[in-house]
Amino acid sequence: AGWSLSCRRNVSSSPSRLQSCMPGWVIDQYGTNGVLTYTEDIPVPTVNSPSDVMIKVYAASLNPLDIAMRGGYGATLLKLKRHPMSVLGSDYGSEFPLILGRDVSGVVVDCGSEVTHVAPGDEVWAAVPPWKQGSLAEFVTLTEYEVSHKPKSVSHAEAASIPYVANTALSALVNAGGLCRDSSSNKRVLITGGSGGVGTFSIQLLKAWGAHVTVTCSQNAEGLVRGLGADEVVDYTAEDASEQLEMMEKFDVVLDNVGGETEQLALGLLKPWSGAKYVTLVTPLLLNTDSMGLLNGMCQAGSSLQSKAIQNIISGGVFYRWGFYAPDGPALDDVSRLVDAGKILPVVEAQFPFTQVPQAFQKLEQGHARGKTVVRVT
Ligand code: NDP
């Protein structure tokens, strides 16, 4: 959506044109929580292309990415995605004022002429790609492909806890991990960091697909992850956590939400020479492009991925892969059905009103998530 410097109010009577400014939380520079600013003067992101869907936001949720993006994480690569001409080095527009917030549950207020899947009045949910303006505002505009019908059995606040972690988990488990609904019933999967947003969703998805799921988490999260269906749980803070994991039957897939030292341990837990896959969500790609620039950063990340992939296939007979969030509305349609069937429950740890977005960021920044932090926007 285009951003102009000035706003006019009440210019027309159709739903999307009732107002040209909206309230929301923006940042005008990168930094700590103090950069979050509430304003009522954000230009409304109206429908600009035939595939656009404009959504009134009822609830949003926060992800670790929001904290990171507030501080400038990913700025180099995301700028290229927003303004492809910026690769030439010229100043092709600024990302500010930037709206954070990657999840939305809300109601469609306007659609482009080619939109067929949803219509004004429909209740929808979506994960907002990081290169687009986020959901911590009254309206957000996405393309039809990114939007899906919200599950009917849960509230907007509950629904908003799911899309970004769902699109991430599905992309990681399916595209990188090679799993799917019909091929998971005889698979052993290890999820590290199972108590967070991605973990609590992934446990439930994999159990719905019939996989055997082992989880690492802190001791006080064991009840939570068992309640979501985890078959075996290892307290990673226990002295013998590595030994406990090494004693277990080897795994077909590891979904690593932790990274760091966990990576080496987890790679050794996979079945050798049987197509087993290690998928980590903790990748250096955006850090590299931020610190080294686009070209050097991408080359560095690519060569690090390639050397780890080769090393692990030669030495252990296992695939080493990076997982990434990918926008996918149709995949959310499947998740919506699983939620309505009671197979996936929203795990909402904390809710904040729209006036307390900085407090919601503070909560997330403390770490130790047990599911998701949600912001009620309307
Ligand atoms: P959360 O912050 O919601 O959850 C992280 C969880 O891990 C917390 O419950 C934390 O609880 C637990 N944890 C921390 N350290 C360990 C450890 N050593 N072993 C086991 N558990 C641990 O994060 P998300 O689930 O939303 O995301 C997980 C990771 O994936 C993040 O690093 C995120 O940035 C990344 N991510 C990457 C994406 C991509 O596109 N590549 C997309 C989405 C997420 P406690 O500290 O109490 O144990």
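Described in the following lines is the structure provided in the data block. (Residues numbered from 1 in each chain as written. Predicted model: local features only at pLDDT ≥ 70, side-chain atom pairs only at ≥ 80, totals over all residues. Heavy atoms only, no water.)

So, the overall build of the protein chain
Along its length, the protein chain carries 12 helices and 15 strands. The principal-axis extents of the C-alpha atoms in the protein chain amount to approximately 65 × 50 × 40 Å. Intrachain contacts of the protein chain at a sequence separation of at least 6 include 70% that bridge at least 24 residues. Between the centroid of the 28 positive side chains of the protein chain and the centroid of its 37 negative side chains there is a distance of 3 Å. (Helix = DSSP H or I, 4+ residues; strand = E, 2+ residues; numbered from the N terminus. Contact = heavy atoms within 4.5 Å. Lys, Arg positive; Asp, Glu negative; His and termini not counted. Charge placed at Lys NZ, Arg CZ, Asp CG, Glu CD.)

Notes on the site of the ligand
Neighbouring the ligand are 21 residues; S195, S218, Y236, Y325 and A369 lie closest to it. In the model, an oxygen atom of the ligand is placed 2.7 Å from a nitrogen or oxygen of the S195 side chain. Compared with its free state, where it exposes 920 Å², the ligand has 79% of that area covered by protein. For the shell around the ligand, the secondary structure elements donating two or more residues are α4 (163-176) and α5 (197-208). Looking at side-chain class alone, the shell around the ligand contains 10 nonpolar, 10 polar and 1 charged residues. (Near = heavy atom within 4 Å. Polar contact = N/O pair within 3.5 Å; in protein donor to acceptor, adjacent residues only side chain to side chain. Areas by Shrake-Rupley, 256 points an atom, 1.4 Å probe, with all protein chains shown as cover. Nonpolar A, V, L, I, M, F, W, Y, C, P; charged D, E, K, R; others polar.)

Quick word on the side chain of D256
Within the element layout of this structure, D256 appears in strand β11 (residues 253-256). We note that D256 is buried and unpaired, the nearest opposite charge coming from K308 at a distance of 9.2 Å. Engagement of the side chain of D256 in a polar contact is seen with the backbone nitrogen of G259, the distance being 3.0 Å. In this view, D256 contacts T192, T262, E263, Y278, V279, T280, L281 and V282; residues no more than four positions away in its chain are not counted. (Buried < 20%, exposed > 50% of the residue type's maximum accessible area, 1.4 Å probe, protein only. Salt bridge = Lys/Arg side-chain N within 4 Å of Asp/Glu carboxyl O.)

Focus on a negative patch on the surface
On the surface, a cluster of negative charge is made up of E239, D240, E243 and E246. The class of D240 is partly exposed, set by a relative accessible area of 38%. (Patch = residues over 30% accessible without salt bridge, like charges linked within 9 Å, V, L, I, M, F, W, Y side chains within 5 Å.)

Considering the sheet that holds strand β9 (residues 212-217)
An order of β10-β9-β8-β11-β12-β13 is seen for the 6 strands of this open sheet, with the pairing classed as parallel. Looking along the sheet, the strands with just one partner apiece sit at the ends: β10 (232-235) and β13 (319-322). Across this sheet, the average inter-strand angle for adjacent strands is 15°, counted without regard to direction. Sheet topology places strand β12 (residues 277-280) next to β13; 4 bridges connect them, and they run parallel. Within the sheet, the bridge partner assigned to V279 lies in β13 and is R321. (Pairing = 2+ DSSP bridges. Axes fitted to C-alpha atoms, helices over the stretch in contact; angles between N-to-C directions.)

As for a nonpolar patch on the surface
A contiguous nonpolar patch, built from W273, I310, I313, I314 and F319 and spanning about 520 Å² of accessible area, is present on the exposed surface. Ranked by residues supplied to the nonpolar patch, first place goes to helix α10 (residues 294-316) with 3 residues. Note on placement: I313 falls in helix α10. On the basis of relative accessible area, I313 is assigned to the partly exposed category, the value being 30%.

Looking at the packing of α4 against α5
Across the interface, α4 lies against α5 with an axial gap of 9 Å and an inter-helix angle of 60°. What the angle tells us is that α4 and α5 run oblique. You can see that α4 and α5 cross each other, and the crossing is right-handed. Of the residues in α5, those in contact with V165, A166, T168, A169, L170 and L173 of α4 are G197, V198, F201, S202, L205 and L206. Of the residues in the contact of α4 with α5, the class split is 9 nonpolar, 3 polar and no charged. (Parallel < 35°, antiparallel > 145°, perpendicular 65-115°, else oblique. Left-handed = near helix turned anticlockwise from the far one by under 90°.)

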